[in-house]
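Per-entry structural report
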Amino acid sequence: MIEIIKADITGLHVDAVVNAANSSLLGGGGVDGAIHAAAGPALLQACQKLDGCKAGDVKMTPGFELPAKMILHTVGPHWQGGGNGESAVLSSCYKKCLCLALEEGARSIAFPAISTGIYGYPKRQAAVIALTALNRYEHEFQSILCCCFSDSDVWIYQKVRDSLSSL
Ligand code: ADP
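Summary of the structure given here.

Conventions we followed
Residues numbered from 1 in each chain as written. Predicted model: local features only at pLDDT ≥ 70, side-chain atom pairs only at ≥ 80, totals over all residues. Heavy atoms only, no water. 1 Å grid on protein atoms, 1.4 Å probe; cavity = no way out; pocket = protein on both sides within 12 Å on 5 of 7 lines; lining within 4 Å. Points joined across faces, edges and corners; volume = space filled by probe spheres on them. Nonpolar A, V, L, I, M, F, W, Y, C, P; charged D, E, K, R; others polar. Buried < 20%, exposed > 50% of the residue type's maximum accessible area, 1.4 Å probe, protein only. Helix = DSSP H or I, 4+ residues; strand = E, 2+ residues; numbered from the N terminus. Pairing = 2+ DSSP bridges. Near = heavy atom within 4 Å. Polar contact = N/O pair within 3.5 Å; in protein donor to acceptor, adjacent residues only side chain to side chain. Sits in = over half its atoms within 2 Å of the grid points. Axes fitted to C-alpha atoms, helices over the stretch in contact; angles between N-to-C directions. Contact = heavy atoms within 4.5 Å.

Describing empty space enclosed by the protein
- One pass over the full model with this rule turns up 1 cavity of 30 Å³ or more.
- Here the largest cavity is characterised by a volume of approximately 40 Å³.
- Partitioning the lining of the largest cavity into residue classes produces 5 nonpolar, 1 polar and 2 charged.

What to know about the pairing of strand β4 (residues 70-75)
- The element β4 is largely enclosed, with a buried count of 6 among its 6 residues.
- On β4, burial covers both faces: M70, L72 and T74 on one face and I71, H73 and V75 on the other are all buried.
- Relative to β4, strand β2 (residues 16-21) runs parallel, the two being bridged by 6 bridges. When the bridges of β4 are listed, V18 appears paired with L72.
- Where strand β3 (residues 58-62) meets β4, 5 bridges bridge the pair, whose relative direction is antiparallel. Within the sheet, the bridge partner assigned to V58 lies in β4 and is T74.

Some words on the environment of A130
- By the element assignment, A130 lies in helix α4 (residues 123-137).
- It is 16 Å that separates the C-alpha atoms of A130 and H78, two residues lying 52 residues apart in sequence.

Focus: the site of the ligand
- In the neighbourhood of the ligand, 15 residues make up the surrounding shell, with D8, V31, S115, G117 and I118 lying closest.
- Contact distances for the ligand include 2.9 Å between an oxygen atom and a backbone N or O atom of S115.
- Backbone polar atom of Y119 to an oxygen atom of the ligand: 3.0 Å apart, as the coordinates give it.
- Taking a 2 Å distance to the grid points as the criterion, the majority of the atoms of the ligand fall inside the largest pocket.
- Partitioning the shell around the ligand into residue classes produces 9 nonpolar, 4 polar and 2 charged.

Topic: the sheet that holds β2
- The strand order across the open sheet formed by 6 strands is β1-β6-β5-β2-β4-β3, and the pairing between neighbours is mixed. The outermost strands of the open sheet, each flanked by one partner alone, are β1 (2-6) and β3. Here the average twist between neighbouring strands, direction ignored, is 25 degrees.
- Contacts from α4 reach β1, β5 (108-111) and β6 (143-148), with the element oriented near 165 degrees to β6.
- Lying over the sheet, helix α5 (residues 151-165) contacts β1 and β6, oriented at roughly 160 degrees with respect to β1.

In short, shape yes, function no, at least from these values alone.
If you want it as structure tokens, here you go:
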């Protein structure tokens, strides 16, 4: 089941939370900063051993002090106008997180709206990519949460879900 919720992703009791990280994996602002703050300093130590992460790829750590068992750190694309392969990179983030979560036995997973903050991806277009990727895996998980951080993001996701389901 895919649910669209408004929440702070760091408080969610799921098997896997996805972090919209930067390629250094050494922490940043936005959801990345919130996850590092909530998971505690052991997360940074673990990330330092991962040798960074390319855009569109994913690396895993334990959840440390988060309620989640694991954190899937993925690096979304910087929005550069849309002509630079951004949609394929964003789609790859979702698919690779879902595949790795399945391999690791996760039954529940929560995603933030990757790339739509500091990285500037237009929110509606990003939600289309997110929900298209998530729909394909809906039956593989007990729960897939689209964790929005504002009412307006919830509204965008709901509108996009409605438009995709009427296709
Ligand atoms: P990016 O660099 O990939 O754009 P950001 O962290 O700047 O990543 O933003 C990605 C999304 O995460 C934005 O929609 C932002 O509002 C949201 N966000 C920020 N903090 C949290 C949080 N604690 N829980 C869930 N979503 C968050």
